[in-house]
Amino acid sequence: MFRAFIVFIFTNIFILTAHSAPVRFYGSAPDYKGMAIEINKYADFITHELLPVCVLEIDSLGNFDITADIETVTYAFADLGAMRAYIYIEPEKDYELVLPPFTPRADVDRLNPYFQPELIEMGIASTTSRLNEALRNFYVYADSIYNASAIRIVKQRNRKLADKIIADYDSVAHLQQCNDDFFNDFVRYQQAKIFTLARLKSPKKVAEKYFLHDSVAFNQEAYWQTLDLVYSNFLSMALKGKASAMVREVLAKPSPHFSELSAAVASDSSFLDATQLREMLVVKGIYDAYYSGTLSPTATDTLLYSTVAEAVTETARIAANNILVRLNRMRVGTLAPDFTLYDFEGVERKLSDFKGLFVYLSFQHSKNFASQKDFPALQVINKKYERLMYVVNIFTDENVDEAKTLVARGKYNWLPLSFINDQAVVLRYGITHEPSYFLIDPEGRLSLSPAPSPTEERLVTAIAQQMQKYKTEKMRRTPPKIRDIYDMVREVK
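Residues numbered from 1 in each chain as written. Predicted model: local features only at pLDDT ≥ 70, side-chain atom pairs only at ≥ 80, totals over all residues. Heavy atoms only, no water.

Engineer: I'm lost on the sheet that holds strand E2 (residues 36-42) in this one. Help?
Structural biologist: Pairing between sheet strands relies on hydrogen bonds along the backbone, with the strands arranged either parallel or antiparallel. On the basis of which strands lie adjacent, the open sheet formed by five strands has the order E3-E2-E5-E6-E8 and mixed pairing. Each end of this open sheet is capped by a strand with a single partner; those strands are strand E3 (50-57) and strand E8 (118-121). Direction aside, neighbouring strands of the sheet carry axes that sit 30° apart on average. In the packing of helix H3 (residues 131-156) onto the sheet, the strands contacted are strand E6 (83-89) and E8, and the crossing angle to E6 comes to about 115°. (Pairing = 2+ DSSP bridges. Helix = DSSP H or I, 4+ residues; strand = E, 2+ residues; numbered from the N terminus. Axes fitted to C-alpha atoms, helices over the stretch in contact; angles between N-to-C directions. Contact = heavy atoms within 4.5 Å.)

Written as structure tokens, this is what we have:
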């Protein structure tokens, strides 16, 4: 209960402090007519969790025109079949987009979690901003120089060459005539990468020049790349530094708290006044330590939940909350990821609409052979539990008409939904294959994750056990009131 309350409070703080402004996308893309294309962004550059920006709903003629809200300059991207097109978007700007010819992703790659689409720049026919052009021109030069010089700089610790490249970066940036804060920061942290390569043995000099006196560049990927070079596995570094004794003492506690860990790190005078950097490094350190196996899941949870409650800086709270979302996703007992989708009649459906009954949720594709085999069995399950449980199928078909035809032909009466307007739902549920099944309890919490398929004999037993478990737990929390003699006396009065 305490943990849920903290995350709820943080979410509302974030909503209150974020100031959004509109951005417009429009254009014509006949290759994509009838499709819905989701434009996403990263929640942060630690977890790389995806967040939706908007959905380009392309009409039957191939036209689209949509407005979305963003808070700041944002790196965004859209998966277009076998390609991923990226763009930097600015608040209060208009973008006429040019989508590449559509190349569908092969069936074998469609839900392959290791598939890497070809990364391309989003085409822009016209815009009121020069940012993307300036970034492209600078990056083409900087990337080629970095690739040609990085190994030589590291091996030779060649500071003279590094300093020359940094000066050249300034000249190339000046030619772009883009006096934009995001562009200037982008250039600065591309320079920081070169500066760092020549001083890997002197991280304090890098920190002093680029990090200790600067705000955390939350939306700059180059910032995080350089930060990771200097402060990789930060908690391990802290255990060897000036604050080692205090950090070790905090981490040895059964329930270590963020405020204690941050204070321990601050005992190293380098971080005393760099509050935002210190807190962000601690959060990133917790994340790295969890995945390296040096921090237990229990200690990780305690530290992250306390970060949301205790951190001074908003960026640390945001990052901690994003990490919690990533680590707790799809655990039994946690809230199932929410969604807002449309059924085949065009009615909007939210996961919260189904509260009060169990939900047997699946992800399907109409052309998937295993899914086709399961559909008749789902019909049986739906009839057996029609008063106790919703059977809900989310179809991941890009062409929803094919799924509609299949459902109509089979006369299936479980509830079909289309993922078209919220395609990131497959990422929130961690879907790597189809079909995938989950059982969600009447309060919206994952009861079986994953759940057996409808053709497995153990499904009926598993559902019965979870329903009884939920009923027992609910009675334990809110036992029925037993009337006694005093109740009877009050009723008579």
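Read on, since the account is not over.
Engineer: Looking at this structure, I do not really get the packing of helix H11 (residues 275-292) against helix H13 (residues 314-328). What am I missing?
Structural biologist: The geometry of a pair of packed helices is captured by two quantities: the angle between their axes and the separation between those axes. Where H11 contacts H13, the axes come no closer than 8 Å and their chain directions differ by 15°. When the axis of H11 is compared with that of H13, the two are roughly parallel. Crossing geometry of H11 relative to H13 is assigned as left-handed. Mapping the contact onto sequence places Gln 276, Glu 279, Met 280, Val 283, Tyr 287, Tyr 290 and Tyr 291 in H11 and Thr 315, Ala 316, Ala 319, Ala 320, Ile 323, Arg 326 and Leu 327 in H13. In terms of residue class, the contact of H11 with H13 is made up of ten nonpolar, two polar and two charged. (Parallel < 35°, antiparallel > 145°, perpendicular 65-115°, else oblique. Left-handed = near helix turned anticlockwise from the far one by under 90°. Nonpolar A, V, L, I, M, F, W, Y, C, P; charged D, E, K, R; others polar.)

Engineer: Quick question: what am I supposed to make of the pairing of strand E7 (residues 94-98) here?
Structural biologist: Remember that side chains alternate between the two faces of the sheet whenever the strand is regular. Only one face of E7 is buried, namely the one carrying Tyr 95 and Leu 97, since none of Asp 94, Glu 96 and Val 98 on the opposite face is buried. In this structure, strand E1 (residues 21-28) lies alongside E7, joined through three bridges in parallel fashion. Within E7, the residue paired with Tyr 26 across the bridge is Glu 96. Two strands pair when backbone bridges link them, and E7 and strand E9 (residues 123-127) are joined in this way by four bridges, in the antiparallel orientation. Bridge pairing links Glu 96 to Ser 126 in E9. (Buried < 20%, exposed > 50% of the residue type's maximum accessible area, 1.4 Å probe, protein only.)

Engineer: What exactly am I supposed to notice about the pattern of salt bridges here?
Structural biologist: A side chain with one charge may pair with a side chain of the opposite charge, provided their charged atoms come close. Considering all chains together, one arrives at 20 salt bridges under this definition. When the shortest N-O distance is used, the salt bridge between Arg 326 and Glu 49 registers 3.0 Å. One end of the pair, Arg 326, is in helix H13; the other, Glu 49, is in the loop between E2 and E3, with 277 residues separating them in the sequence. A residue is classified by how much of its surface remains accessible, and Arg 326, at 29% relative accessible area, is partly exposed. Between Glu 260 and Lys 253 there is a salt bridge; the shortest N-O distance is 2.9 Å. (Salt bridge = Lys/Arg side-chain N within 4 Å of Asp/Glu carboxyl O.)

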